[in-house]
Amino acid sequence: LAIMQNLLKRLQKELLALQNDPPPGMTLNEKSVQNSITQWIVDMEGAPGTLYEGEKFQLLFKFSSRYPFDSPQVMFTGENIPVHPHVYSNGHICLSILTEDWSPALSVQSVCLSIISMLSSCKEKRRPPDNSFYVRTCNKNPKKTKWWYHGKQFEFVVTF
């Protein structure tokens, strides 16, 4: 019970921070948190002066009972999934802070800022080279993917 209270306290604090001081181009989808505090949708707009300027995206955040010690499940959802070398067409995002580089000191805001930065620094809109194979074989939960990060390159390891 104490774990759940700590989780709720942390999520409420982050919810307020996101409502009062959202990262540029990000807005909490208020309807999404009415049903459940452990699943949020954040509406996102591509930053001005980038390849994604004016485009609208949605990020889905799911928090387990082990949050913040366990990273949230984060993926793009909805009609428009950004075409990006680290974003699969099913919305899964290859970003090290979502898996092995996660720390409880990070927050929804820091994840949003990392995703904005990842999109904003993109030089060419394209899918990851292994997109079709990954989308066919991956788990619905992107956290179940074993990613290998090496510099700006990454690969996934198929685990069944």
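Residues numbered from 1 in each chain as written. Predicted model: local features only at pLDDT ≥ 70, side-chain atom pairs only at ≥ 80, totals over all residues. Heavy atoms only, no water.

Per an unreviewed UniProt entry, the protein chain goes by the name Ubiquitin-conjugating enzyme E2 W and belongs to Rhinopithecus bieti.

Visitor: It is not clear to me how the side chain of asparagine 29 should be interpreted in this structure. Could you clarify?
Guide: Tracing the sequence through the fold places asparagine 29 in the loop between β1 (26–28) and α2 (30–35). A polar side-chain atom of asparagine 29 sits 3.5 Å from a polar atom in the side chain of aspartate 43. Residues in contact with asparagine 29, not counting those within four places in the same chain, are Ile41, Val42, Asp43 and Gln58. (Helix = DSSP H or I, 4+ residues; strand = E, 2+ residues; numbered from the N terminus. Polar contact = N/O pair within 3.5 Å; in protein donor to acceptor, adjacent residues only side chain to side chain. Contact = heavy atoms within 4.5 Å.)

Visitor: Would you explain helix α1 (residues 2–20) in this entry?
Guide: Because each turn of an α-helix spans 3.6 residues, side chains separated by three or four positions end up pointing in the same direction. Between its first and last C-alpha atoms α1 spans 27 Å; for 19 residues at 1.5 Å apiece the expected length is 27 Å, and the two agree. Those residues of α1 that fall on the buried side of the exposure criterion are Leu7, Leu11, Glu14, Leu15 and Leu18. Buried positions in α1, seen along its axis, are confined to an arc of 105 degrees and lie on one side of it. Facing away from the buried side of α1 by more than 90 degrees, the exposed set consists of Lys9, Lys13 and Asn20. Those residues of α1 that are buried are in contact with β1, α2, β2 (39–45) and α3 (108–120). (Expected span 1.5 Å × (residues − 1). Buried < 20%, exposed > 50% of the residue type's maximum accessible area, 1.4 Å probe, protein only. Arc of directions from axis to C-beta.)

Visitor: Any chance you could explain the sheet that holds β2 here in plain terms?
Guide: Hydrogen bonds between backbone atoms are what pair the strands of a sheet, whose relative direction is either parallel or antiparallel. As summarised here, the arrangement of the four strands in space is β1-β2-β3-β4, forming an open sheet in which the pairing is antiparallel. The sheet is open, and its two edges are formed by β1 and β4 (73–77), each paired on a single side. Averaged over all pairs of adjacent strands, the angle between strand axes in this sheet comes to 25 degrees, irrespective of strand direction. The strands touched by α1 within the sheet are β1 and β2, with β2 carrying the most contacts at an inclination of about 20 degrees. (Pairing = 2+ DSSP bridges. Axes fitted to C-alpha atoms, helices over the stretch in contact; angles between N-to-C directions.)

Visitor: I keep staring at the side chain of serine 107 and nothing clicks. Help me out?
Guide: Topologically, serine 107 is positioned in the loop between β4 and α3. With relative accessibility at 19%, the residue serine 107 sits in the buried group. Residues within four places of serine 107 in sequence aside, it is in contact with Arg10, Glu14, Tyr67 and Trp102.

Visitor: What am I meant to see in the nonpolar core here?
Guide: One broad trend across soluble globular proteins is that nonpolar side chains are buried collectively. With 33 residues, the main nonpolar core has Trp40, Met44, Leu59, Phe61, Phe76, Ile93 and Ile115 as its most contacted residues. When residues of this core are traced back to their parent elements, those giving at least two are α1, β1, β2, β3 (56–62), β4 and α3. Apart from residues no more than four positions distant in its own chain, tryptophan 40 is found in contact with Leu11, Glu14, Leu15, Leu18, Leu28, Ser32, Val33, Leu59, Leu60, Phe61, Phe63 and Val108. (Core = buried A, V, L, I, M, F, W, Y, C linked by side-chain atoms within 4.5 Å.)

Visitor: Can you help me understand the packing of aromatic side chains in this one?
Guide: Centre-to-centre distance and the angle between the planes together describe a pair of aromatic rings. Under the counting rule described, the total for this entry stands at seven aromatic pairs. Residues phenylalanine 63 and tyrosine 67 carry aromatic rings whose centres are separated by 4.8 Å and whose planes lie at 70 degrees to one another, so their mutual orientation is edge-to-face. Look at phenylalanine 63 and you get buried, because its relative accessible area is 7%. For the pair tyrosine 88 and tyrosine 134, a centre-to-centre distance of 4.1 Å together with 35 degrees between the ring planes defines the contact as tilted. You can see tyrosine 88 sitting in the loop between β4 and α3 and its partner tyrosine 134 sitting in helix α4 (residues 131–137), a full 46 residues away along the chain. Here the aromatic cluster, defined as three or more aromatic residues joined through ring pairs, consists of Trp40, Phe61, Phe63, Tyr67 and Trp102. (Phe/Tyr/Trp six-rings, centres within 6.5 Å; stacked < 30°, edge-to-face > 60°.)

Visitor: For this particular structure, what's the right way to read the pattern of salt bridges?
Guide: Close approach of charged atoms lets side chains of opposite charge pair. One pass over the structure, following the stated rule, counts five salt bridges. For lysine 56, the salt bridge is made with glutamate 45, and the minimal N-O distance between the two is 2.8 Å. Taken as a pair, lysine 56 in strand β3 and glutamate 45 in strand β2 lie far apart in primary sequence, eleven residues in all. Relative accessible area serves as the criterion here: at 54%, lysine 56 is assigned to the exposed category. (Salt bridge = Lys/Arg side-chain N within 4 Å of Asp/Glu carboxyl O.)

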